[in-house]
Each structure stands twice: as structure tokens, then as C-alpha cells.
Amino acid sequence: MNKLPQITLAFWVMKICATTLGETAGDLLSMTLNVGYAVSSMVLISVFLLTLLGQLFSRRYHPMLYWLVILSTSTAGTTMSDFMDRTLGLGYASGSAILIGILLLTFLVWRLSGNPLDVTRIKTRSGEIFYWVAILFSNTLGTALGDYLADDSGLGFAGGALLIGSTIALVVLARYWTRIPGVVLFWVAFVLTRPFGATLGDFLTQPHEKGGLDFGTVGSSAVLGGVLLVLVLMATWYQEREPRGALEMS
């Protein structure tokens, strides 16, 4: 099986769009529509499981399906994190620490299972499941980290996005100037792009007095959804025209 996209600049642009949309769409359901974090989490986890089933039973890479699962993990991760941090009262710092532990445990079990932590080619069904579990919890962790930076650290929405963006730039430099394995840098970048999307989403939706652009959850979700749809359609068009080559992360 080879059901993963190439890790290119376009991949990371779509990842940031999907995670930012996940932040605004999750807030739209839980806060704007007043559904609540617990109910929203159950609904969105169900959506994630449905999209994941489609991905698991597909036999090749389908850009639309793949990014739909990414979006569902991002949206579910937003409400799951908010439920832990706000409804359960754990707070952003404690919630982030718990999620870091869960994510590290996921990687440990993944490695002990005998499946490589591969991000370019999936060879087993179990490896594919570990891949998506890691993505779900990395997106959940990213929401908690982004909220911590925006609210508790004193950096604000723009400051938090700038800090995470700078850290991502360091990861890019490490990819070309260090011997750190590419798969490690991928997962570091994957985790970091989620809080970047979270802080960027807050920056777009929050009112001016809180340092945001006051686009609201509906307006921000519509804009981001349109951008992501165009990018996915372009990826689908390219997928049909050009054979995919494998990208080694070593």
C-alpha cells in the first residue's frame, strides 16, 4: 500500500489550512452553535471514525479522502482539547502535558509493534492505524499548546503564531543542515503546525479588543474551507496526471 502524499511545500500549506479550519470549525460547533465541548467531541470523533474507515479501505492515495480525514482529526482535536482544558478544568498546561504523554506513548507502542514510523509509505494496516492515531493526538495536543501560548503565556494570538512559526523555520533548517532523521522532523513539524493553526485560527476569529481580526468562526471557516478545497482539487488533478514518486525521509 502507498496511501500517503508526498511531503512537499504544498503538503504543509494544506496541513496549516486544514488545522486552522479545524480550529475555527470546532469552535463554530461547540461555541457559536452552543453545542458544547462534550457533545461536539462525540459528534466529531464519530465523523473522524467514518472518514478513517474510508481511508483504511481505500487501496491508493486519494487526496480528497486523505485531507478529509486530516480535517476531521483537526476538528475533533479542537473540541477534545477544549473539553479537557475547560470542561474538565485541567487547564492548558496540564492538558498539554497529558497529551504529550499520550502522543509519546503512541509512538512507543507503534515502534514496539514492529511497524516503522514511516510517513511516506504504509505497508501494514496496523501501521496505518498507528499513523492516524498519532495524527489525531498531535492535532489535539496542538490545540492545547496553541491556547496556552495565546492565553496563558502572555504572547497573545499574533505572538504565539510568530513563536511557533519561528520554531517551524528552525525545523526546516534542521532538515537540510543536520543529520536528524527526516521522520523525526516530520512529526515535530506536524505537531507544531497544529498550534500554529490554532493560534492563527484564534487570530482570525477573535474580536479586535482581544488582538484578533474579528472575522468570526463562520467567516473564517468559509474562507479557509474555500482555500483548502481549491488546494485539494489541484492535488487531485495533479494526482491523476502525474505518477507519484516516493520521497525518502532519511
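Since this is a predicted model, take the numbers as computed values, not measurements.

Calculation rules
Residues numbered from 1 in each chain as written. Predicted model: local features only at pLDDT ≥ 70, side-chain atom pairs only at ≥ 80, totals over all residues. Heavy atoms only, no water. Helix = DSSP H or I, 4+ residues; strand = E, 2+ residues; numbered from the N terminus. Contact = heavy atoms within 4.5 Å. Buried < 20%, exposed > 50% of the residue type's maximum accessible area, 1.4 Å probe, protein only. Salt bridge = Lys/Arg side-chain N within 4 Å of Asp/Glu carboxyl O. Patch = residues over 30% accessible without salt bridge, like charges linked within 9 Å, V, L, I, M, F, W, Y side chains within 5 Å. Areas by Shrake-Rupley, 256 points an atom, 1.4 Å probe, with all protein chains shown as cover. Expected span 1.5 Å × (residues − 1). Arc of directions from axis to C-beta.

### What to know about the environment of S30
- For S30, the location among the structural elements is in helix α1 (residues 9–32).
- Counting along the chain gives 11 residues from S30 to S41, while the straight-line C-alpha distance between them is 8.5 Å.
- When neighbours within four sequence positions are excluded, S30 is seen to be in contact with V35, G36, Y37, S40 and T79.

### Let's talk about the environment of I70
- Turning to its location among the elements, I70 is positioned in helix α3 (residues 63–87).
- Judged by relative accessible area, which is 0%, I70 ranks as buried.
- Each C-alpha atom, one on I70 and one on M14, is 9.8 Å from the other, the two residues being 56 residues apart in sequence.

### Remarks on the pattern of salt bridges
- Within the structure shown, the criterion is met by two salt bridges.
- Across the pair R125 and E128 runs a salt bridge whose closest N-O atoms are separated by 3.7 Å. Placement of both R125 and E128 in helix α5 (residues 125–152) is noted, with a separation of three residues, approximately one turn of the helix.
- Note on E128: relative accessible area 0%, which makes it buried.

### So, a nonpolar patch on the surface
- On the surface, L33, V35, V39, M42, V43 and V47 cluster together to form a nonpolar patch covering roughly 490 Å² of accessible area.
- Position of V39 among the secondary structure elements: in helix α2 (residues 37–57).
- Overall, the relative accessible area of 39% leaves V39 in the partly exposed class.

### What to know about helix α4 (residues 91–112)
- The end-to-end C-alpha distance of α4, which contains 22 residues, comes to 32 Å, matching closely the 32 Å that a straight helix rising 1.5 Å per residue would cover.
- Along α4, the positions that sit buried rather than exposed are Y92, G95, S96, L99, L103, T106, F107 and W110. Here the buried residues of α4 occupy an arc of 110 degrees about the axis, which is enough to place them on one side. Seen from the buried face of α4, the exposed residues on the opposite side, beyond 90 degrees, are L104, L105 and L112.
- Looking one or two residues beyond α4, the residue adopting positive phi is G114, at roughly 95 degrees.

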